[in-house]
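# Structural features, examined
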Amino acid sequence: MEKLPKIGLPVIAGIFILFIFISKSSINIGYGEAGVLFKTFGGGVVVDEPVLGEGFHIIAPWNKVYVYNVKQQEVFESKMQVLSSNGLEISLDISVLYQPLIAELGLLHKTKGENYLNIIIIPQIRAVARSVVGRYTPEQLYSTKRDAIQNEIFEETKKVVENQHVQLNAVLVRDVTLPIAIREAIERKLNQEQEALEYEFRIEKAKQEAERQRIDAEGKATANRILSASLTDKILQEKGIEATIKLSESNNSKVIVIGSGESGLPIILGNQ
């Protein structure tokens with residue numbers, strides 16, 4: 001059996017150097033990621049070429065690639081302390097959905113770096129939230145204006161961060177926490193307002209019913225006046241005769257006394 005040639009130290013060293021060279025000369029970009037190329041001998045961060053997309057890439061061993069997550073991400077700011085328009089301290093829970101602008105990733109890396117979340121987004125969301133909440137009273141924050149506040153924070157923050165190579169997708173106000181005494185006072189006031197609205201509704205409904213009854217009564221009175229004015233003795237006597245004829249034609253046994261009623265109308269005597 002033929003013996004395999006021994007691998008000498010120089011060969012092992014060459015293989016090791018080759019492995020190091022390959023590992024330093026390639027990079028694999030994962031899904032939802034993009035790479036910013038840094039050319040050590042060619043001007044630093046590359047900002048005038050497309051970023052490296054997903055997949056395997058060969059690079060010069062003396063260059064470096066900074067990998068960024070370009071998917072939508074969320075940062076949650078809990079118990080953010082802000083002041084209302086009348087100086088009361090309010091606590092907000094806010095979620096921010098964001099992602100870097102892929103086309104401007106090189107500029108983001110060059111101007112802000114990998115820690116852009118803490119440099120751009122978090123300081124801006126805090127500053128804008130304090131500014132927006134300061135325009136409203138605790139009652140508005142607690143009840144009617146939460147959606148408006150959320151939209152204002154989003155729009156004002158978006159204008160700032162998009163000039164800094166970041167895309168803001170949404171701002172969600174998760175919770176507004178007021179001091180207990182203020183919250184209880186607001187709830188009492190809202191309950192009282194609701195009761196007052198109910199009382200006004202009942203009064204209005206009673207007024208409408210009274211008006212309906214008045215109109216109905218007036219209509220009936222008018223009809224009766226018209227009917228009374230149109231009924232003469234002759235008409236009443238004629239109607240009485242017509243009714244007598246109909247009764248006389250009935251199958252029920254009866255006695256008809258002619259001319260014994262008032263106004264000379266017959267009297268119908270039944271057998272009951």
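Residues numbered from 1 in each chain as written. Predicted model: local features only at pLDDT ≥ 70, side-chain atom pairs only at ≥ 80, totals over all residues. Heavy atoms only, no water.

Attention now goes to the packing of helix 3 (residues 116-133) against helix 5 (residues 146-161). Orientation of helix 3 relative to helix 5, taken along the N-to-C sense of each, is 135 degrees, at an axis distance of 9 Å. The orientation of helix 3 relative to helix 5 falls into the category oblique. At the point where helix 3 passes helix 5, the crossing takes the right-handed sense. Every residue of helix 5 that contacts helix 3 at Ile120, Gln124, Ile125, Val128, Ala129, Val132 and Val133 is listed here: Ile149, Glu152, Ile153, Glu156, Thr157, Val160 and Val161. Its residues placed into classes, the contact of helix 3 with helix 5 shows 10 nonpolar, 2 polar and 2 charged. (Axes fitted to C-alpha atoms, helices over the stretch in contact; angles between N-to-C directions. Helix = DSSP H or I, 4+ residues; strand = E, 2+ residues; numbered from the N terminus. Parallel < 35°, antiparallel > 145°, perpendicular 65-115°, else oblique. Left-handed = near helix turned anticlockwise from the far one by under 90°. Contact = heavy atoms within 4.5 Å. Nonpolar A, V, L, I, M, F, W, Y, C, P; charged D, E, K, R; others polar.)

The next point concerns the sheet that holds strand 6 (residues 73-83). In space, the 3 strands of this open sheet follow the order 6-7-8, with antiparallel pairing throughout. One side of each edge strand has no neighbouring strand; the edge strands of this open sheet are strand 6 and strand 8 (166-177). When strand polarity is set aside, the average angle formed by the axes of neighbouring strands in this sheet is 25 degrees. Across 9 bridges, strand 6 lies against strand 7 (residues 89-100) in antiparallel orientation. Bridging from a neighbouring strand, Val82 pairs with Ile90 of strand 7. Of the strands in this sheet, strand 6, strand 7 and strand 8 are in contact with helix 3, which crosses strand 6 at around 40 degrees. (Pairing = 2+ DSSP bridges.)

Moving on to the nonpolar core. Grouped together as the largest cluster of nonpolar side chains are 37 residues, with contacts concentrated most on Leu92, Ile94, Tyr116, Ile121 and Ile153. At the level of secondary structure, the elements contributing two or more residues to this core comprise strand 2 (33-39), strand 5 (64-69), strand 6, strand 7, helix 2 (105-111), helix 3, helix 5 and strand 8. Sorting elements by how many residues they give to this core places helix 3 first, with 9 residues. With near-sequence residues (within four places) excluded, Ile94 lies in contact with Val75, Phe76, Glu77, Met80, Ile125, Ala129, Ile153, Val171, Leu172 and Arg174. Counting residues in hydrophobic clusters, the runner-up holds 7 residues, among them Ile27, Val46, Leu52 and Val65. (Core = buried A, V, L, I, M, F, W, Y, C linked by side-chain atoms within 4.5 Å. Buried < 20%, exposed > 50% of the residue type's maximum accessible area, 1.4 Å probe, protein only.)

On to helix 5. Taking 1.5 Å of rise per residue, 16 residues should cover 22 Å, and helix 5 covers 23 Å from first to last C-alpha, within 8% of that figure. Every buried residue of helix 5 is listed here: Ile149, Gln150, Ile153, Phe154, Thr157 and Val161. Within helix 5, the buried residues cover an arc of 130 degrees as seen down the axis, which keeps them to one side. Structural note: helix 5 exposes Asp147 and Lys159 on the side pointing more than 90 degrees away from its buried face. (Expected span 1.5 Å × (residues − 1). Arc of directions from axis to C-beta.)

To continue, consider the packing of aromatic side chains. One pass over the full model with this rule turns up 3 aromatic pairs. Centre to centre, the rings of Phe41 and Trp62 are 6.4 Å apart; their planes meet at 55 degrees, and the pair counts as tilted. With Phe41 in the loop between strand 2 and strand 3 (44-45) and Trp62 in the loop between strand 4 (55-58) and strand 5, this residue pair connects regions lying 21 residues apart in the sequence. Under the relative-accessibility criterion, Phe41 is labelled exposed at 71%. Judged by centre distance (6.3 Å) and plane angle (80 degrees), the rings of Tyr98 and Tyr116 are edge-to-face. In this pair, Tyr98 sits in strand 7 while Tyr116 sits in helix 3, placing the two residues 18 residues apart along the sequence. (Phe/Tyr/Trp six-rings, centres within 6.5 Å; stacked < 30°, edge-to-face > 60°.)

What follows concerns the sheet that holds strand 5. Taken in spatial order, the 3 strands of this open sheet run 3-2-5, and their pairing is antiparallel. Looking at strand neighbours, the two that pair on one side only are strand 3 and strand 5, the edges of this open sheet. In this sheet, strand 3 lies alongside strand 2 in antiparallel orientation, the contact comprising 2 bridges. From the neighbouring strand, Phe38 faces strand 3, where its bridge partner is Val45.

Pairing of strand 2 with strand 5, which is carried by 6 bridges, proceeds in the antiparallel orientation. The residue bridging Ala34 from the neighbouring strand is Tyr68, located in strand 5. Counted along the chain from strand 2 to the antiparallel partner strand 3, the turn is 4 residues long, and its residue Gly43 has a positive phi close to 105 degrees.

Using the criterion set out here, one finds 7 salt bridges in the structure. Glu74 is paired through a salt bridge with Arg174; the nearest N and O atoms lie 3.5 Å apart. Here the residue Glu74 occupies a position in strand 6, and Arg174 occupies one in strand 8, the gap between them amounting to 100 residues. We classify Glu74 as partly exposed; its relative accessible area is 46%. For Arg126, the salt bridge goes to Glu77, with nearest N and O atoms at 2.8 Å. With Arg126 in helix 3 and Glu77 in strand 6, this pair connects stretches of sequence that are 49 residues apart. (Salt bridge = Lys/Arg side-chain N within 4 Å of Asp/Glu carboxyl O.)

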